[in-house]
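Structural overview
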Amino acid sequence: MTDISRDISDSDFILIGIGEEWESREMTEELRAAYEKLRKQIENRDYFIVTTVMDGWIHQMGFDDKRIVAPCGNWNYLQCKDACCPDIWMKGDGIGEVCPECGASLVENTVESKPYVETGYLSGWQTYMSWLQKSLNRKLLLMELGVGFRTPTVVRWPFEKTAYLNLKSRLYRVHEKLFQIPDNLEGRGISVPLNSVEWTLSALTVRQ
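Summary of the structure given here.

This part takes up the environment of Trp-89. Along the chain, Trp-89 turns up in strand β5 (residues 89-90). A relative accessible area of 16% means that Trp-89 is categorised as buried. Separated by 34 residues in the primary sequence, Trp-89 and Asp-55 have C-alpha atoms spaced 15 Å apart.

This part is about unusual backbone geometry. Between Lys-114 and the following residue, Pro-115, the backbone shows a cis peptide bond with an omega angle of 0°. Structurally, Pro-115 is set in the loop between β6 (106-110) and α3 (119-134). The backbone phi angle of Asn-44 is positive, close to 70°, even though this residue is not glycine. The residue Asn-44 is located in the loop between α2 (29-42) and β2 (47-51) in this model. Of note in this structure, Ala-83 is not a glycine but carries a positive phi near 50°.

Right, let's talk about the packing of aromatic side chains for a bit. Under the defined criterion, the tally for this structure stands at 10 aromatic pairs. Ring geometry for Tyr-35 versus Phe-63: centroids 6.3 Å apart, planes at 75°, classification edge-to-face. Here Tyr-35 is found in helix α2, whereas its partner Phe-63 is found in the loop between β2 and β3 (68-69), with 28 residues between them in sequence. Assigned by exposure class, Tyr-35 and Phe-63 land together as buried. With a centroid separation of 6.4 Å and an interplanar angle of 90°, the aromatic rings of Tyr-121 and Trp-125 are classed as edge-to-face. A residue pair is termed a helical-turn pair when its members lie 3 or 4 positions apart in one helix, as Tyr-121 and Trp-125 do in helix α3 at four residues. Three or more aromatic residues link up through ring pairs in this structure, and these residues are Phe-13, Phe-48, Tyr-116, Tyr-121, Trp-125, Tyr-128 and Trp-131. The side chain of Arg-25 reaches across the aromatic face of Trp-75, ending 3.7 Å from its centre. Over the ring of Tyr-47 we find Arg-67; its NZ or CZ atom is 5.4 Å from the centre of that ring.

One broad rule of soluble globular proteins: the nonpolar side chains tend to lie buried together. Within the largest apolar cluster, 30 residues are counted, with the highest numbers of intra-cluster contacts made by Phe-63, Met-143 and Trp-199. Residue assignment for this core shows that the elements contributing at least two residues are α1 (3-10), β1 (13-18), α2, β2, β7 (140-145), β8 (169-174) and α5 (196-203). Looking at which element gives the most residues to this core, the answer is α2, with five residues. Setting aside residues up to four positions removed in sequence, Met-143 forms contacts with Ile-4, Ile-8, Ile-14, Leu-15, Ile-16, Gly-17, Leu-38, Phe-159, Tyr-172, Trp-199 and Leu-204.

With that settled, consider the pattern of salt bridges. One pass over the structure, following the stated rule, counts 15 salt bridges. Notably, a salt bridge pairs Arg-170 with Asp-7, separated by 3.6 Å at the nearest N-O pair. One end of the pair, Arg-170, is in strand β8; the other, Asp-7, is in helix α1, with 163 residues separating them in the sequence. The class for Arg-170 is partly exposed, based on a relative accessible area of 33%.

Calculation criteria
Residues numbered from 1 in each chain as written. Predicted model: local features only at pLDDT ≥ 70, side-chain atom pairs only at ≥ 80, totals over all residues. Heavy atoms only, no water. Helix = DSSP H or I, 4+ residues; strand = E, 2+ residues; numbered from the N terminus. Buried < 20%, exposed > 50% of the residue type's maximum accessible area, 1.4 Å probe, protein only. Phe/Tyr/Trp six-rings, centres within 6.5 Å; stacked < 30°, edge-to-face > 60°. Lys NZ or Arg CZ within 6 Å of the ring centre and 35° of its normal. Core = buried A, V, L, I, M, F, W, Y, C linked by side-chain atoms within 4.5 Å. Contact = heavy atoms within 4.5 Å. Salt bridge = Lys/Arg side-chain N within 4 Å of Asp/Glu carboxyl O.

Written as structure tokens, this is what we have:
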């Protein structure tokens, strides 16, 4: 059993952050296999996933949607360009190209839209906060996969703070370039300088 697989088995809670290295306009076989391996590794465990990825693929990979929050939005949903209302609409649902409320054009519902309509993730964020409170002073494994500095306030910095405050935690930071771990984790941080999709395929041992 690899160290990460052992840490997964030994943890009470598993918090996963997924970032830019996993983002793709098209689903590739490698990406599908990585999601599948990750899902099989953590199924039947008490986990939560925070993803900054905006492609929405994770929702098609068999994870429990109640355990996923995507604060940066989803390319598959639309919002009013002027954010005149809190509504968002799935592409292809016959909504057209203009906002039914004000007539402004519709744009993808992501943080790249200014202003950004946050309706799509707020309830999930509250669920995440409640879950995170339960992990205090428990064995918590944080797996940060491919998270850079596009939106560091969502995963990267909060994960560092959580790991610092919980002395029973362990943080894996996996990224091809941005793998550095802060010094204040006192040996509870593991830096992995590899592409996180490739690492997931090679390092995780699916439990039988």
